[in-house]
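Spelled out, the chains give:
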Amino acid sequence: MQADLVIRGARVIDPAESFDRSADVYVRDGLILDVARPDEALPAAEAFDAGGLVLCPGLVDLHVHLRQPGGEHKETVATGTRAALAGGFTVVACMPNTDPPLDRPEHLRWLTEVINRDAACEVYPIAAAILGGDRERLSDFVALKNAGAVAISDDAMPLQDAATMRQALLAAAQAELTFIAHPELDSAGQAGICGDPAVAAGLQVPYADPAREAEAIRAWQTAAASLPRRNRAALHIAHVSSAQAVAAFEEFTRSSHLRRLSAETCPHYFALTAEALRTAGPNAKMNPPLRMDADVEAIMEALRRSIIGIIATDHAPHAAEEKARGLLAAPAGIVGLETALGLVLECLVRPGILTLSQALAAMTWQPAAVLGISAGRLAIGTPANFTLIDTEATWTVDSRKFYSKSRNTPFDGWQLRGRAAAVFFHGRLAMLDGQVLV
Ligand SMILES: [Zn+2]
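Not measured: the values here are computed from a predicted model. (Residues numbered from 1 in each chain as written. Predicted model: local features only at pLDDT ≥ 70, side-chain atom pairs only at ≥ 80, totals over all residues. Heavy atoms only, no water.)

Student: What exactly am I supposed to notice about the coordination of the zinc ion here?
Tutor: Six octahedral donors around a metal ideally subtend angles of 90 or 180 degrees, whereas four tetrahedral donors ideally subtend 109.5 degrees. For the zinc ion, the full set of protein donor atoms is His 63 (NE2), His 65 (NE2), Asp 155 (OD) and Asp 314 (OD), at a range of 2.1 to 2.4 Å. Coordination geometry of the zinc ion: the four donor atoms subtend angles of 83 to 167° at the metal centre, consistent with an arrangement described as irregular. The motif formed by the donor residues of the zinc ion, counted along the single chain, is H-x1-H-x89-D-x158-D. Placement of His 63 in strand 6 (residues 59–64) and of Asp 155 in the loop between strand 9 (151–153) and helix 4 (162–174) is noted, with a sequence separation of 92 residues between them. Summarising the burial analysis for this pair, His 63 and Asp 155 share the class buried. (Donors = N, O, S within 2.8 Å, 3.2 Å for Na, K, Ca; no water. Tetrahedral: all angles 85-135°; square planar, octahedral: opposite > 155°, others 65-115°. Helix = DSSP H or I, 4+ residues; strand = E, 2+ residues; numbered from the N terminus. Buried < 20%, exposed > 50% of the residue type's maximum accessible area, 1.4 Å probe, protein only.)

Set out below in structure tokens:
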């Protein structure tokens, strides 16, 4: 059978299948036709030479804020998905804390129309766990699923007690959706913006107690333990940032009888400490906050031991004038789509904390499995979404070149080795050498 396209000569890594060898990838009608040894060549109308590059499934980011509706001055579906392609992602899931939030089916249906019209890559909406901003009132998870939600989350509006968490897990199980928890208890320790007491004192900003994160994970454990032994609930813990939270989560995994339990961390929690607040100011302010060396080590160790199996960006765009309000008043969050892969390669793969295949697993099939979608694999007959990676390319982060509408990154000027060299989306070249083509 004639292929439309062959991508030749790459080192092909499909982490879900532990596949890692030189191969040619054939595409027909936007789908993967075959992954074949170089000596089994099929006829193809077009060829793309990927010699010296790694080809993997298009990267998947399950934690992105696209800001639409209500925050279009920060990001839109159109700009955020192009930032995704520039960074090597072909699938993103977007968080529901928009304005209005994605807490009603009509809001999801509206967003779906925008996605169908404007998105440059695949976008899966996550719906809000609570209705109308009342943290004790859950939304209708089944109705939200029927309107297109792929998961439910309390991101930015964290649930506060084990009884509500239990209700949320049961409702999510009934809707057959994963619950993505933002673990943060208002009652545990001090809210703050800096996770290092010495840096906080120097900058005269409030210290953030990691107990807020760890106690929330323990509350989720209590909620999960109260469910029937054979339950269908699936829980994913967002943006784990501290050694205490890692310990709490590991303890949770030992006793869990949930159908699925997983956790993510983000590149800034292994690439930075709170010291970055001194140099990058509000562009290093995020929630949970940056912490200390021991926390970075605990996050890296949790990734190495696969306690944490997922790397997400928590891409959180904010306008320059919002970040210019100073450390205390600026909103929390940083953009991440266009720096994530470079930071993973530089900070985790190069020092040998993760193999390339492990790192790519954390950015492909493992996040896809949390969402219950079929992306993140090189399966025959599935959409031909690939990321080609140049692991040796040295480049300098320049936020002026971002496709994101926002520039709030603490990594500006960093020199990194390794980046996405090209992206194929449904069999068509969608990004080449940092230029988005769609
Ligand atoms: Zn978030």
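Student: Is there a simple way to think about helix 7 (residues 243–255) in this case?
Tutor: Note that an α-helix has 3.6 residues per turn; residues three or four places apart therefore point the same way. Taking 1.5 Å of rise per residue, 13 residues should cover 18 Å, and helix 7 covers 19 Å from first to last C-alpha, within 8% of that figure. By the burial criterion, the buried members of helix 7 are Ala 245, Val 246, Ala 248, Phe 249, Glu 250 and Phe 252. Residues of helix 7 that are buried in the fold lie against helix 6 (211–225), strand 11 (234–237), strand 12 (260–265) and helix 10 (293–304). (Expected span 1.5 Å × (residues − 1). Contact = heavy atoms within 4.5 Å.)

Student: Sorry, what's going on with the domain arrangement of the protein chain here?
Tutor: For an interface, size is often stated in terms of accessible area lost upon the parts coming together. Along its sequence, the protein chain is carved into domain 1 (3–55 + 383–436) and domain 2 (58–371). One C-alpha centre belongs to domain 1, the other to domain 2, and the line joining them spans 26 Å. Taken residue by residue, the interface counts 38 residues in domain 1 and 47 residues in domain 2. With both sides pooled, the region where domain 1 packs onto domain 2 buries about 3300 Å², and carbon together with sulfur makes up 66% of that total. Broken down residue by residue, the surface that domain 1 buries against domain 2 is led by Lys 405, Asn 408 and Phe 411, which jointly contribute 20%. In this structure, the connection of domain 1 to domain 2 is made through zero salt bridges. Listing elements by their share of the side of domain 1 that touches domain 2, those giving two or more residues are strand 1 (3–14), strand 14 (386–396), strand 15 (415–425) and strand 16 (428–432). Sort the elements by how many residues they give to the side of domain 1 that touches domain 2 and strand 15 lands first, with nine residues. (Domains from an automatic or database assignment. Buried area = accessible area lost by both parts, 1.4 Å probe. Salt bridge = Lys/Arg side-chain N within 4 Å of Asp/Glu carboxyl O.)

Student: Help me out: how do you make sense of unusual backbone geometry in this one?
Tutor: Note: most peptide bonds trans; most residues except glycine with negative phi. Gln 68 connects to Pro 69 through a cis peptide bond whose omega is 10°. Geometrically, the link from Asn 287 to Pro 288 is a cis peptide bond, its omega value of 0° lying close to zero. Summarising the element assignment, Pro 288 is placed in the loop between helix 9 (276–280) and helix 10. Positive phi outside glycine occurs at His 239, with the angle close to 25°. Tracing the chain through its elements places His 239 in the loop between strand 11 and helix 7.

Student: How do you make sense of the sheet that holds strand 9 when you look at a structure like this?
Tutor: Remark on secondary structure: sheet strands pair via backbone hydrogen bonds, oriented parallel or antiparallel. Strand order across the open sheet formed by eight strands is 6-7-8-9-10-11-12-13, with parallel pairing between neighbours. The two strands at the open ends of the sheet, each matched to only one other strand, are strand 6 and strand 13 (310–311). In this structure, strand 8 (residues 122–128) lies alongside strand 9, joined through three bridges in parallel fashion. Counted as the bridge partner of Ala 128 is Ser 153 from strand 9. (Pairing = 2+ DSSP bridges.)

Student: Can you help me understand the packing of helix 4 against helix 6 in this one?
Tutor: Two packed helices can be described by the angle between their axes and the distance between those axes. Two numbers describe how helix 4 lies on helix 6: the axes approach to 8 Å, and their chain directions differ by 60°. As far as their axial angle goes, helix 6 and helix 4 are oblique. Where helix 4 crosses over helix 6, the two elements pack in a sense that is right-handed. Across the interface between the two elements, Ala 162, Met 165, Arg 166 and Leu 169 from helix 4 touch Ala 216, Ala 219, Trp 220, Thr 222, Ala 223 and Ala 224 from helix 6. For the contact of helix 4 with helix 6, the class distribution of residues is eight nonpolar, one polar and one charged. (Axes fitted to C-alpha atoms, helices over the stretch in contact; angles between N-to-C directions. Parallel < 35°, antiparallel > 145°, perpendicular 65-115°, else oblique. Left-handed = near helix turned anticlockwise from the far one by under 90°. Nonpolar A, V, L, I, M, F, W, Y, C, P; charged D, E, K, R; others polar.)

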